[in-house]
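Here's the letter readout for the chains.
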Amino acid sequence: MEVFLAQPRGFCAGVVRAIEIVERALQKYGPPVYVRHEIVHNKYVVESLKKKGAIFVEDLSEVPAKAVTVFSAHGVARSVEEEAEARDLPVLNATCPLVTKVHNQGKRYISRGRALILIGHAGHPEVEGTMGQVPGPVLLVQSVQDVAELRLPTDAPVAYITQTTLSVDDTRDIIAALQAKFTDIQGPDIRDICYATQNRQSAVRDLGKLVDVILVVGAANSSNSNRLREIGTEVGVASYLIADGSELNPDWLKDAKAVGITAGASAPEVLVDDVIEALRRIGPVSVSLVPGREENIEFRLPAELTTG
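Cut-off values and rules
- Every residue gets a number counted from 1 within its own chain, in the order that chain's sequence is written.
- Totals for whole chains, interfaces and linings use every residue, but because this is a predicted model, local features are given only for residues with pLDDT of at least 70 and side-chain atom pairs only at 80 or more, for both listing and counting.
- Side-chain numbers here rest on the full set of heavy atoms in the structure, without hydrogens or water.
- Helix and strand assignments follow DSSP, with helices taken as H or I runs no shorter than four residues and strands as E runs no shorter than two, numbered in order from the N terminus.
- To estimate how far a helix should reach, multiply one less than its number of residues by 1.5 Å.
- Think of it in three bands: with a 1.4 Å probe and only protein chains considered, a residue is buried below 20% of the maximum accessible area for its type, exposed above 50%, and partly exposed in between.
- Along the arc lie the directions from the helix axis toward the C-beta atoms.
- Note on pairing: DSSP must find at least two bridges between two strands before they are called paired.
- Note on geometry: axes are C-alpha line fits, over the in-contact stretch for helices, and angles between N-to-C directions span 0 to 180 degrees.
- Contacts are assigned to residue pairs that have any heavy atoms within 4.5 Å of one another.
- What goes into a patch is any residue over 30% in relative accessible area without a salt bridge, connected to like charges within 9 Å or, for nonpolar side chains (Val, Leu, Ile, Met, Phe, Trp, Tyr), within 5 Å.
- Using the Shrake-Rupley algorithm and a 1.4 Å probe, accessible areas are obtained, with residue cover drawn only from the displayed protein chains.
- Put simply, a salt bridge is a Lys or Arg side-chain nitrogen that is within 4 Å of an Asp or Glu carboxyl oxygen.
- Charged residues are defined narrowly, with Lys and Arg counted positive, Asp and Glu counted negative, and His plus the chain ends left uncounted.
- Think of each charge as sitting on NZ of Lys, CZ of Arg, CG of Asp or CD of Glu.
- Throughout this description, any angle smaller than 35 degrees is read as roughly parallel, any larger than 145 degrees as roughly antiparallel, any in the 65 to 115 degree range as roughly perpendicular, and the remainder as oblique.
- Charged means Asp, Glu, Lys or Arg here, nonpolar means Ala, Val, Leu, Ile, Met, Phe, Trp, Tyr, Cys or Pro, and polar covers whatever is left, Gly included.
- For Phe, Tyr and Trp, where Trp contributes only its six-membered ring, two rings pair if their centres lie within 6.5 Å, and the inter-plane angle classes them as stacked under 30 degrees, edge-to-face over 60, or tilted in between.

J.: Can you lay out helix α10 (residues 269-282) for me, pointing to particular residues and giving the numbers?
T.: Given a rise of 1.5 Å per residue, 14 residues ought to cover 20 Å, and the 21 Å separating the end C-alpha atoms of α10 matches this to within 8%. When α10 is considered as a whole, its buried residues turn out to be L271, V272, V275, I276, A278 and L279. Taken around the axis of α10, the buried residues stretch over an arc of 155°, which confines them to a single face.

J.: Describe in detail the sheet that holds strand β2 (residues 33-36), supporting the description with residues and values.
T.: Pairing within the open sheet is parallel, and its four strands lie in the order β3-β2-β4-β5. Either end of the sheet is taken by a strand with one partner, and the two such strands are β3 (54-57) and β5 (91-93). Adjacent strand axes in the sheet meet at a mean angle of 25° when their direction is disregarded. For strand β4 (residues 69-71) and β5, the ladder comprises three bridges, and the chain directions are parallel. Among the inter-strand pairings, F71 is bridged to a residue of β5, identified as N93. The strands touched by helix α1 (residues 13-29) within the sheet are β2, β3, β4 and β5, with β5 carrying the most contacts at an inclination of about 155°.

J.: Describe a negative patch on the surface, and please don't skip the residues or the numbers.
T.: Together, E58, D59, E62 and E83 line one region of the surface with negative charge. You can see D59 is positioned in the loop between β3 and β4.

J.: Would you mind going over the environment of V141 in detail, with residue names and values included?
T.: One can find V141 in strand β7 (residues 138-141). Sequence separation between V141 and G120 is 21 residues, and the spatial gap between their C-alpha atoms is 6.4 Å. Dropping the residues within four chain positions of it, V141 is found in contact with I117, L118, I119, G120, D146, V147, L150 and I174.

J.: Account for the environment of G232, naming residues and giving values.
T.: With respect to the helices and strands, the residue G232 is situated in helix α9 (residues 223-234). Linking G232 and L215, residues 17 residues apart in sequence, is a C-alpha distance of 8.9 Å.

J.: Just give me the short version of the packing of α1 against helix α2 (residues 43-52), but keep the residues and values in it.
T.: Where α1 meets α2, the closest approach of the two axes is 10 Å, and the angle between their N-to-C directions is 10°. Of the possible angle classes, the one that applies to α1 and α2 is roughly parallel. Packed against α1, whose contacting residues are I19, V22, E23 and L26, the element α2 presents V45, L49 and K52 at the interface. Partitioning the contact of α1 with α2 into residue classes produces five nonpolar, no polar and two charged.

J.: Break down the packing of aromatic side chains for me, with residues and values.
T.: Scanning all chains against the criterion turns up one aromatic pair. Pairing Y240 with W252 gives two aromatic rings, centres 4.0 Å apart and planes at 5°, and the pair type is stacked. With Y240 in strand β11 (residues 238-242) and W252 in the loop between β11 and β12 (258-263), the pair connects residues that are 12 residues apart, well separated along the chain.

J.: Quick rundown of the pattern of salt bridges? Include the residues and the values.
T.: Under the defined criterion, the tally for this structure stands at 18 salt bridges. Note that E23 is salt-bridged to K52, the shortest N-O span being 2.9 Å. Of this pair, E23 sits in helix α1 while K52 is found in helix α2, placing the two residues 29 residues apart along the sequence. Since its relative accessible area comes to 27%, E23 is described here as partly exposed. Put simply, K209 and D206 hold a salt bridge, and the shortest N to O gap is 3.7 Å. Residue K209 is classed as exposed on the basis of its relative accessible area of 67%. Classification of D206 as partly exposed rests on a relative accessible area of 33%. Ionic contacts of the salt-bridge type, sharing partners, join the residues R78, E81, E82 and E85 into one network.

Next up, the structure:
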């Protein structure tokens, strides 16, 4: 069986930075280090950090006084930051810089008197964080239908921002609907969309031309991993989301001569290797890399972790 690996796949720069912040904090301050929400949406990553001494909580009330606290890559609401300040908690902010950029865009649009629309998934921690960072009402839209139901005058000054784990392709129809509805609308440059989301989705489309089955390595609660599986299905290839090799169903591979593998932005390469090993237990495989976009973006760590 031929196995084709999508390129790029797996960790993006924001995820690498977030995990490194937790690991360096554990080295510098010693365990335990408290992390609000899963640092990234991947159980393997979370469990491996737990073994090193990280404690994951959903609410700051669970963090003891003076304990080193990390905010996850998805970002947090301003109220969470204020609670940490009020309790004098030493905080390391692992919010992805691209998410922070969206927060700042939203604040800027609001300060200019525009009604703010956020394109994203209700209940996603990044969306909750963004809505809680902007000092004013934020209207969430998830679909073109939601745009049609917006109760704003068509000549109202409006602006939109987007969840970073949505690609240009994901948001195109919604943005078009907003631009058709409102006469005075602004939004970020298309280049501000998360590079990693777009690159991984483009790589899956390329993969779909070569294979009979696509396996997406990622967590069930990972927005970008689920979207990769959906795209595989959209291009006409049977596609499955699996956490690791233990979830591989041999029935998926009947009559398949070529299998494609990709991974969500929060899935480590060790899990891709695990899936390849599971395929090898079924039969002999040859593995090749599909040419794709090279990523060489790195985000700086907080100063307190790079000094002293």
